[in-house]
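As a plain string of letters, each chain reads:
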Number of protein chains: 2
Amino acid sequence: MMLINGKNTTRISALDRGLAYGDGLFETLALIDGRPRLWRHHLQRLDYGCRRLGIPVPDAALLEAELQTLCRQHDGGGAGRLVGKITVTRGQGARGYRPRALTPTRIVSVSAWPDYPPERANGIRVRWCRSRLSVNPLLAGIKHLNRLDQVMASREWDDPAIAEGLMCAQDGSVIEGTQSNLFIVRQGTLLTAALDDCGVAGIVRQLICDDVIDHRLPIDVRALSIDDVVSADEVFVCNALIGIWPVIQIIDEEQWADYAAGALTRRVSECLETYSAASAATSNPVTHVG
Amino acid sequence: MMLINGKNTTRISALDRGLAYGDGLFETLALIDGRPRLWRHHLQRLDYGCRRLGIPVPDAALLEAELQTLCRQHDGGGAGRLVGKITVTRGQGARGYRPRALTPTRIVSVSAWPDYPPERANGIRVRWCRSRLSVNPLLAGIKHLNRLDQVMASREWDDPAIAEGLMCAQDGSVIEGTQSNLFIVRQGTLLTAALDDCGVAGIVRQLICDDVIDHRLPIDVRALSIDDVVSADEVFVCNALIGIWPVIQIIDEEQWADYAAGALTRRVSECLETYSAASAATSNPVTHVG
């Protein structure tokens, strides 16, 4: 289920700069009964990323309409949970790094919800990755298509009992998971890594940091060490698909750590659900689903 | 002129991991009368990069045959100079960073030789880029598809009188050009940046550093500062298409510098030409060109 620049196709030009240089960005989002969850926030990040890379921002109404078209074509007419993905590249161009004035490529797709084991909502096991994140403030935070860091880190393990790997920056400070952001709780305060030098600024992380889902959450954005994480009271990871997964164990040869799925993690998780539901209710319903 | 996994097409699946994550690598090479110049060295680098990324190495004879097929199809049957490009991605896969066992995608293309102004062989003007290179030893040196660093740097200027931009690492040490490696000459010694943390290990740079083209070249691989470059006796950039371009001027608000296209640069350039010609003569000729 895919539309490329509005056309029903799954094939793009091999001259697209998204392939040649990873010259583009993407959003992965949850579709609930045909509605993109946290849609406004995804659009804001897409807009921000496009502006930083100098790629024209795609039309929001067009993107939403395309997601809805694809939901309608899906089994069940889009009812229940699906995954939407929006990729925007700088477009198709000749060889050479310098971009000419190009028409961006817009790829919108809808696929089945991942087969996450349901018990992950109660807590997951994670590991430390040896692969570290590339450091570059110019690109930090953007969900761009240069994702070899995450690919290399994800290749480090294949044990389905380990749901996520935690990644450090080059200086050894802890940044995030391979596909999620990381929070720890210490003495009643939420801590998460600053993403000035590397990492992906996830939607859910931003909602938490900006006090959007609960304006009374005590939050501190700062450098986190491995010791900070190991000695934390609670640990959780988050992204726009999974919401919140509490971490109950970090498996490692040297720095084993166990956590309870604690009170503050539960509170953030509930606030996120409440906010997401309210946010969905105020967006345009997809009238054809049902 | 393109073959994708041996098929005459210019379109690939939008699910290819080369597009989704930049999960692959490429070679750009000169084709002289249908023969890939420095072919063995390109193959060695491709092999090395594939192994580091964990992507199966494509068959060398197959790649050469595909380049020759495309040369034959080109205007003039491949006579004169053409540009070959080989891209290898991990293949087409489902959403998610972790690679499953996939069949790599092999994209081989041949295009016209770039319209470089001929006077560049006598000397070029360059500038300093504000965009710095991402630092990650795990990926340093590989000519992978995560090239947003070079894209962002190339966007900084559009003056055709400036042929190249010089890029620094995050710590401000000078590494390379956006599409070339950089050498300086100081007191009769060639100096080039170590690429342990960032940068692309170009074929021509490697030939120079490994004493392949001239075993008597005094060469030192080390960290280079902006002052080292500004105060150098000679400066040149190199890559597999251009060979050697002497730098005659670095244009900058603060660190203006002029150079003569000096003796050691000329010697390296001549050695490279001699080596390339000899290397081409010993490879299989393309019998159908003429």
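Residues numbered from 1 in each chain as written. Chains lettered and ligands numbered in written order. Predicted model: local features only at pLDDT ≥ 70, side-chain atom pairs only at ≥ 80, totals over all residues. Heavy atoms only, no water.

Enquirer: What am I meant to see in the interface of chain B and chain A here?
Expert: Residue-level contacts link 59 residues of chain B with 60 residues of chain A. For the chain B and chain A pair, buried surface summed over both sides reaches about 4700 Å², with 60% attributable to carbon and sulfur atoms. In this structure, the connection of chain B to chain A is made through two salt bridges. For the salt bridge of aspartate 158 of chain B with arginine 98 of chain A, the shortest nitrogen-to-oxygen distance reads 4.0 Å. For the pair chain B and chain A, the number of links is 26 residue pairs in polar contact (both at pLDDT 80 or more). Listing elements by their share of the side of chain B that touches chain A, those giving two or more residues are strand S1 (2-4), strand S3 (11-13), helix H1 (17-21), strand S4 (24-32), helix H2 (39-53), strand S6 (81-89), strand S7 (105-112) and helix H4 (148-154) of chain B. Element by element, the count of residues in the side of chain B that touches chain A is highest for H4 of chain B, at six residues. Per-class residue counts for the side of chain B that touches chain A are 26 nonpolar, 18 polar and 15 charged. (Contact = heavy atoms within 4.5 Å. Buried area = accessible area lost by both parts, 1.4 Å probe. Salt bridge = Lys/Arg side-chain N within 4 Å of Asp/Glu carboxyl O. Polar contact = N/O pair within 3.5 Å; in protein donor to acceptor, adjacent residues only side chain to side chain. Helix = DSSP H or I, 4+ residues; strand = E, 2+ residues; numbered from the N terminus. Nonpolar A, V, L, I, M, F, W, Y, C, P; charged D, E, K, R; others polar.)

Enquirer: Any chance you could explain the sheet that holds strand S6 (residues 81-89) of chain A here in plain terms?
Expert: Residues and elements named next belong to chain A. Spatially, S2-S1-S7-S6-S4-S5 is the arrangement adopted by the six strands of the open sheet, whose pairing is antiparallel. Single-partner strands in this sheet number two, and they are strand S2 (7-8) and strand S5 (35-36). Where strand S1 (residues 2-4) meets S2, two bridges bridge the pair, whose relative direction is antiparallel. Residue pairing for S2: leucine 3 is matched across the bridge by asparagine 8. Taken strand by strand, helix H3 (residues 60-73) contacts S1, S2, strand S4 (24-32), S5, S6 and strand S7 (105-112), and its axis lies near 35° from that of S7. (Pairing = 2+ DSSP bridges. Axes fitted to C-alpha atoms, helices over the stretch in contact; angles between N-to-C directions.)

Enquirer: Even after reading the chapter, I still don't get the relation of the copies chain B and chain A, so can you show me in this structure?
Expert: The second copy of the chain is related to the first by a rotation about an axis and a shift along the axis. For the pair chain B and chain A, the relating rotation is 180°, the translation along its axis is 0.0 Å, and the fit reaches an RMSD of 0.0 Å. Within this description, the copies of the chain are treated as partners about a two-fold rotation axis. Looking at the interface residues of chain B, 100% of them are also at the interface in chain A, so both copies use one shared face. (Least-squares fit on C-alpha atoms with pLDDT ≥ 70 in both.)

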